[in-house]
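Examination of the molecular architecture
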Amino acid sequence: MKKQIGLKLEEEEIAILEKLGGKSKGVHKLISDYRDTILGKKVKKTVEEIFYDSLILPSDPRLRETYKAFLEAFIRSGARMGSLDFWEPELTGTTGFNGKAVRGHFRKLSASRYVKSFGFLFRPSLRLKEGVEKEKFFDIHERFHDFLLEKGAYQDFGEFLWDNEDEK
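The present account deals with the structure reproduced in this document. (Residues numbered from 1 in each chain as written. Predicted model: local features only at pLDDT ≥ 70, side-chain atom pairs only at ≥ 80, totals over all residues. Heavy atoms only, no water.)

**Overview of the pattern of salt bridges**
Following the criterion strictly, the structure yields five salt bridges and no others. Between R103 and D85 there is a salt bridge, with the nearest N and O atoms lying 2.4 Å from each other. Of this pair, R103 sits in helix α6 (residues 99-111) while D85 sits in helix α5 (residues 84-95), and the two are 18 residues apart along the sequence. For R103, a relative accessible area of 29% corresponds to the partly exposed category. Where salt bridges share partners, they join D85, E88 and R103 into one cluster. (Salt bridge = Lys/Arg side-chain N within 4 Å of Asp/Glu carboxyl O. Helix = DSSP H or I, 4+ residues; strand = E, 2+ residues; numbered from the N terminus. Buried < 20%, exposed > 50% of the residue type's maximum accessible area, 1.4 Å probe, protein only.)

Spelled out as structure tokens, the structure:
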């Protein structure tokens, strides 16, 4: 059942609705898009969202942040295990937590088995959510790995500016 309503809109808002096919069609389209977003339809997830949506993460937000930072550093390093002394500077820089907090988080993550230790070396433990196929996760992991490597890639343009000053 359709009902007629009245709206008071700014000129800019009316212009946007006109671009969407007219006032009525524009409002219907905006409501439809909003409904689809809320219900999870038509939502294009980023590589990062797809990866983390496949995993069971710690419920505590601080532990989750430390775990995600450690997981990303671990993947970026080529899955190389390291001591906490090795990982601590990167984790403190990424999360903003001090070294004591990171070590406390690691103790809790180790106790809950989100982080596995082999002597003094650590690696993250991955727990897949129910319904995530192992074979599909290999592809998700590979895309996330490539995403992390691209995310940190940059060219230092300063070397072109400042190295040439010596030659002048």
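There's more to say after this.
**Points about the packing of helix α4 (residues 61-76) against α5**
In contact at an axis separation of 10 Å, α4 and α5 are set at 125° when each is read in the N-to-C sense. Taken as axis vectors, α4 and α5 run oblique relative to one another. Of the two possible hands of crossing, α4 and α5 adopt the one that is right-handed. In this structure, α4 uses E65, T66, A69, F70, A73, F74 and R76 to contact α5, whose residues at the interface are W87, E90, L91, T94 and T95. Residues of the contact of α4 with α5, tallied by class, amount to six nonpolar, three polar and three charged. (Axes fitted to C-alpha atoms, helices over the stretch in contact; angles between N-to-C directions. Parallel < 35°, antiparallel > 145°, perpendicular 65-115°, else oblique. Left-handed = near helix turned anticlockwise from the far one by under 90°. Contact = heavy atoms within 4.5 Å. Nonpolar A, V, L, I, M, F, W, Y, C, P; charged D, E, K, R; others polar.)

**Section: a nonpolar patch on the surface**
There is a patch of nonpolar side chains on the surface, built from F157, F160, L161 and W162 and spanning about 470 Å² of accessible area. You can see L161 is positioned in helix α8 (residues 158-162). Of the residues examined, L161 reaches a relative accessible area of 47% and is grouped as partly exposed. (Patch = residues over 30% accessible without salt bridge, like charges linked within 9 Å, V, L, I, M, F, W, Y side chains within 5 Å. Areas by Shrake-Rupley, 256 points an atom, 1.4 Å probe, with all protein chains shown as cover.)

**A closer look at the nonpolar core**
Among the nonpolar cores identified, the biggest contains 25 residues, and F51, F70, L71, L91 and F106 are the most heavily contacted of them. Residue assignment for this core shows that the elements contributing at least two residues are α3 (47-53), α4, α5, α6 and α7 (134-151). At eight residues, α4 tops the list of elements feeding residues into this core. Discounting residues that sit within four places of it in the chain, L71 has contacts with F51, Y52, L55, P124 and L126. (Core = buried A, V, L, I, M, F, W, Y, C linked by side-chain atoms within 4.5 Å.)

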